[in-house]
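Listed here are the chains, written in short residue letters.
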Amino acid sequence: MDNRWFPLPPGRTLVYTGVKDGERTKEYLTVSERTRNIDGVRCRVVLDRLYARGNLVGTTRDYYAQDGSGNVWYFGEDTAELDHRGNMVSTDGTWRAGRDGAGPGIFMTAHPAKGDGGRQENLEGRAEDHFEVINTRAEVDVPHRSFGRVLQTKEWTPLEPDVVDHKYFAEGLGTVKEVTVEGGNERNVLVAVRG
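Sequence order as written defines residue numbering, which begins from 1 separately in each chain. Thresholds applied to this predicted model are a pLDDT of at least 70 for local features of residues and 80 or more for the giving and counting of side-chain atom pairs; totals over whole chains, interfaces and linings are not thresholded and use all residues. Hydrogens and water are ignored here; the side-chain numbers use all heavy atoms of the structure.

K.L.:
Looking at this structure, I do not really get unusual backbone geometry. What am I missing?
P.N.:
Keep in mind that most residues, glycine aside, have a negative phi and that most peptide bonds are trans. The phi angle at D21 is positive, at roughly 50 degrees, despite the residue not being glycine. Numbering of helices and strands runs from the N terminus; a helix is a DSSP stretch of H or I covering at least four residues, while a strand is a stretch of E covering at least two. With respect to the helices and strands, the residue D21 is situated in the loop between β1 (13–20) and β2 (23–38). Among the residues examined, D21 registers a relative accessible area of 64% and is labelled exposed. Although it is not a glycine, D100 sits at a positive phi angle of roughly 55 degrees. Within the fold, D100 resides in the loop between β7 (95–96) and β8 (105–108). Type-normalised accessible area, obtained with a 1.4 Å probe on protein chains alone, sets the label of each residue: buried when under 20%, exposed when over 50%, and partly exposed for intermediate values.

K.L.:
Honestly, empty space enclosed by the protein in this entry has me stumped. Any pointers?
P.N.:
Picture a little ball the size of a water molecule; that probe, rolled over the atoms, points out where space is still empty. A 1.4 Å probe that fits but cannot get out identifies a cavity on a 1 Å grid over protein atoms alone, an open set with protein on both sides within 12 Å along at least five of seven lines counts as a pocket, and a residue lines either if it has an atom within 4 Å of a point. Grid points are joined across faces, edges and corners, and a volume is the space filled by probe spheres set on the points. This model, assessed by the stated rule, comprises one cavity of 30 Å³ or more. Taken as a whole, the largest cavity holds about 60 Å³ of empty space. Lining the largest cavity are F6, P7, L8, R12, L14, L29, V31, L173, G174 and T175. Every element with two or more residues in the lining of the largest cavity is listed here: β2 and β13 (174–182). Following the grouping adopted for this structure description, the nonpolar residues are Ala, Val, Leu, Ile, Met, Phe, Trp, Tyr, Cys and Pro, the charged ones are Asp, Glu, Lys and Arg, and the polar ones are all others, Gly among them. Split by residue class, the lining of the largest cavity holds seven nonpolar, two polar and one charged.

K.L.:
Could you clarify how one ought to interpret the confidence of the model for the protein chain in this entry?
P.N.:
Reading predicted coordinates in detail is not appropriate for stretches of low pLDDT. Every residue carries a pLDDT, the predictor's confidence in it, which falls somewhere between 0 and 100. Of all residues in the protein chain, 100% attain a pLDDT of 70 or more, and the chain-wide mean is 96. Mean pLDDT across the elements of the protein chain ranges from a minimum in strand β6 (residues 88–90), with 91, to a maximum in strand β14 (residues 187–194), with 98.

K.L.:
Just to check I follow, could you spell out the pattern of salt bridges for this structure?
P.N.:
Two side chains bearing opposite charge may form a pair once their charged atoms approach each other closely. What counts as a salt bridge is simple: a side-chain nitrogen of Lys or Arg found within 4 Å of a carboxyl oxygen of Asp or Glu. Evaluated as defined, the whole model comprises nine salt bridges. Residue D100 is joined to R126 by a salt bridge in which the shortest nitrogen-to-oxygen separation is 3.4 Å. Taken as a pair, D100 in the loop between β7 and β8 and R126 in the loop between β9 (117–119) and β10 (130–141) lie far apart in primary sequence, 26 residues in all. Put simply, K154 and E132 hold a salt bridge, and the shortest N to O gap is 4.0 Å.

Have a look at this one:
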């Protein structure tokens, strides 16, 4: 998993702070040592833990694989939304390639160019995220540091047609910033890299 815009070295944790649903959040994205076979493909397991008010409010296990050309494919996620007491509220958004008609989605191409895009999630009616590369030379400042020549994407889903996000990917690290630009007020910025 060495795609330059979305590398997944086991043991690395990216730490973010942000705002979601009007609350300040802290998020830990950890590339685990574990792999999982999904639809016949060995996928790297990435653990995503979201905290609000110091409480764990969401966990996700994401499954990624990289092909021989360097493209990163998204094979699904297991999600759990929790209330502030730690009780599970929902697993909506859970999907996996090979189940219920779902297929893998393209998450990051090996050599993204402006105008490139595709479907990241591929389960009709439940997981339909799309992306398009809108800039290959963006600049972004986040608490971790400033970055030049950042890859900027636009992301949306037909399931929430009024919401548009922009994501910024730094070479060698992955996502360094995410912000909702239409239909909401959510954001996430990289504050630390561990491992």
